[in-house]
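# Chain and residue survey
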Amino acid sequence: MSNPPSAIGRIIAAAFVIAGLIGLVVSLLVASIPQGGPRQIDGYQPWSPEILAIAASLPLQDGGRIKPLSAHAGFTMLAIHGSRTMRIADTRGGNYRLSPTAWMMDTLFRPELAIQQPVFRVDNSAVLEAIGLKARHKRDRYSYQEIQPGLPKLWELAATYEPIPEKQRNPLQQQILGFAYNTRDYLTILNHLNFARYGIPVGEASGDPPLALSRAMENAPRIREDLIRARQAGEQPTGPAVYVYNQTMDAAGMAGQGMKWFPPADPANKTWRNAGDLIAGVVNDEIRPPAPAIEDIRTLEETCRAIASGQPDFLTRLTHLRDDLSQRATDRGEGRMVRLETHYHRMDWFLKAFIVFVLGGLTATAMWLSGRRRLGTVFCWVTLGLTVVGLLICVTAITERVLIMQRSPIGNLYDTIIFIATAGVFLALLVEWFFRRRLALGLAPILGLALVYLSRRFEMGDTKDHLDPLVAVLSSNYWLTLHVITITLGYASGLLAALLAIVYLLMRGLRLDQGDQSLRRGLTLATYGVVCLTLFLSLVGTVLGGIWANDSWGRFWGWDPKENGALLIVIWTLVILHARLGGFLREWGFHLATTFSACVIAFSWWHVNFLGVGLHNYGFTTGKSALWSFYAGILVILVFAIISRIIEKPEKP
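The present account deals with the structure reproduced in this document. Quick caveat: nothing in here was measured; it's all calculated off a predicted structure. (Residues numbered from 1 in each chain as written. Predicted model: local features only at pLDDT ≥ 70, side-chain atom pairs only at ≥ 80, totals over all residues. Heavy atoms only, no water.)

### With respect to the environment of Gly94
By the element assignment, Gly94 lies in the loop between β4 (86–89) and β5 (95–98). For Gly94, a relative accessible area of 17% translates into the label buried. For Gly94 and Leu523, which are 429 residues apart along the polypeptide, the C-alpha to C-alpha distance reads 55 Å. Residues contacting Gly94, with those up to four places away along its chain left out, are Ile88 and Ala89. (Helix = DSSP H or I, 4+ residues; strand = E, 2+ residues; numbered from the N terminus. Buried < 20%, exposed > 50% of the residue type's maximum accessible area, 1.4 Å probe, protein only. Contact = heavy atoms within 4.5 Å.)

What follows is the structure in structure tokens.
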């Protein structure tokens, strides 16, 4: 006897899905948008789109590779500000949303405006109280002007806490240290071009205008001669030459921690130089011939001075700087992917995919509510279209990343998230193509949405450029590439299987399937097939990993936590399939066991990184609470399903 339809149950379930979708969107917005309205900055004038386009593609060396300024600015802003956007306003009523490139250009070229911007994200007001400042809210953003009075105390506390081993620091100490590091990094950018803006004084009591650094570098031979002559005569070097030398070296030291803009003349030298390197190298006679380095410094000086003449003149100078650096990088065979990476960051592909998957999740919910009526068919096609668009966006993004990185698509934990999102959506569409029950189609955008959301939150917490190169052993080995891709596909397949099983348990427990035995059998068959695929991919991936380990480390298996995690997936899927074939697991038991496999996969994929041991450890410690919440959610579903099974059992003949 079949159960009666449950329209109310469908509506309640749909409401939960919609609430979940809204919750993900709101959570992402809350994590990046500060409290209150935009910060007012008197006299602020936004950069022209042409200036931002040129600035975004300025090449520089960072993280072991050549990248555009937009990439460096994005991750720097994310680390300090906690977001890739900043909201400000002016006294004329204008509201502006600053991109990372606009923020970086303000910090480099308009420090008088930059120090008023709310750049520092503080998540715990106790950090400000510890350095003697008054906080507005528990969590807020503050400008450099606001935190400047507390900097002496901040440096004092940082020097006290830094010697303490990381695991022994309390949360407040760790937050104060993080705040100190962010402040240090910000000051490095803020002061990087001070030499170009202000020059150096020619004497302690002189009323003459400051001397440009490029002129001081031109006079370096005469300055060195005066110093050498004094030392040879046994005298203490004094006078204007010594003063200019000391001021020049101070300027070099301040600029020496900044961005590496300048490719060296020697093609064999792979390390680019910053302005401080050029200044110190010329003054100390370490760069020969000195003329190109002097010209580079003069170009920066002229670019900084052009600000006072207006944005059109500044655009001309900035374009000259960008074209010169790009051509020199091209002549060295470097920076070929700078323009592509600029395009990648400008498009923000995964944010677009997130939006498309949100819409797909909403139409999937409407499709499910509408049933097999004509309206349901319309929503079915709309959901399919949105899901395919989201999938293509993810594929495009990963393809661009592969071209930029010049390696396989998976090299770090962030890569695995976006790859699993893409593979999971594709596999869900493949399942739908085989079984045509609209369930896998409805799950596809929701799975993609959840994983893209995870990638955004992980990137916001990690604040590292995941396009940076890997160590040689991880980027050039054929067996490693095959192993990582296969294992990651196994994760995607296993998560999809668990999601299908969860849908089965919820539908049957809440009577949302209306007792449709055909639907139950079809969903069980689909889940069974995906579990088989998970076993195949996990087993092959584990063997390939052993081949790589033997090739790289001289041993096939070492009981490393990551290796054990992969083995757990193989063993658990084998247990599920054998128990199913042996009749020990019926439909309820099979789906319960498959749902638990989500925990096994989460342990292998994420949890082993928190153990702090092993050759495969990614070395991060944040996010444990989210992982335990995931385990708790799976446990709640399992408990609900078991109770539903107990209740349903007496109804069977």
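So that's the structure; there's more coming.
### A look at the packing of helix α19 (residues 374–405) against helix α20 (residues 413–435)
In a pair of packed helices, the angle between the axes and the distance between the axes together describe the arrangement. Packing of α19 against α20 brings their axes to within 10 Å, and their N-to-C directions diverge by 145°. α20 is crossed by α19, and the crossing has left-handed handedness. Residues Leu384, Thr387, Val388, Leu391, Cys394, Val395, Ile398, Arg401 and Met405 of α19 lie in contact with α20, whose contacting residues are Tyr414, Asp415, Ile418, Phe419, Thr422, Val425, Phe426 and Leu429. In terms of residue class, the contact of α19 with α20 is made up of 13 nonpolar, two polar and two charged. (Axes fitted to C-alpha atoms, helices over the stretch in contact; angles between N-to-C directions. Left-handed = near helix turned anticlockwise from the far one by under 90°. Nonpolar A, V, L, I, M, F, W, Y, C, P; charged D, E, K, R; others polar.)

### A look at the side chain of Gln311
Within the fold, Gln311 resides in helix α16 (residues 311–331). Filtering out sequence-adjacent residues up to four positions away, Gln311 remains in contact with Gln45, Pro46, Trp47, Ser48, Ile51 and Arg110.

### A closer look at empty space enclosed by the protein
By the definition in use, this model includes three cavities of 30 Å³ or more. The space that makes up the largest cavity amounts to roughly 80 Å³. Of all the secondary-structure elements, those providing two or more residues to the lining of the largest cavity are α20, α21 (439–462) and α24 (517–553). Of all the elements, α24 adds the most residues to the lining of the largest cavity, at four residues. Its residues assigned to classes, the lining of the largest cavity shows eight nonpolar, one polar and two charged. Its volume calculated, the second largest cavity comes out at about 60 Å³. Contributing to the lining of the second largest cavity are Gly494, Ala497, Val531, Thr534, Ile569, Trp572, Thr573, Ile576, Thr594, Ser597, Val600 and Ile601. Where the lining of the second largest cavity is concerned, the elements lending two or more residues are α23 (478–509), α24, α25 (561–581) and α26 (587–605). (1 Å grid on protein atoms, 1.4 Å probe; cavity = no way out; pocket = protein on both sides within 12 Å on 5 of 7 lines; lining within 4 Å. Points joined across faces, edges and corners; volume = space filled by probe spheres on them.)

### Brief notes about the sheet that holds β5
Spatially, β1-β4-β5 is the arrangement adopted by the three strands of the open sheet, whose pairing is mixed. Edge positions in the sheet fall to β1 (39–40) and β5, since each has one partner strand and no second. Sheet analysis places β4 next to β5, joined by four bridges and oriented antiparallel. In the sheet register, Met86 faces β5, and the bridge partner there is Leu98. (Pairing = 2+ DSSP bridges.)

### Digging into the pairing of strand β2 (residues 59–62)
With four bridges joining them, β2 and strand β3 (residues 65–68) adopt antiparallel strand pairing. What sits directly across from Asp62, in β3, is Arg65. The antiparallel hairpin formed by β2 and β3 contains two residues in its connecting segment, where Gly63 sits at a positive phi of about 65°.

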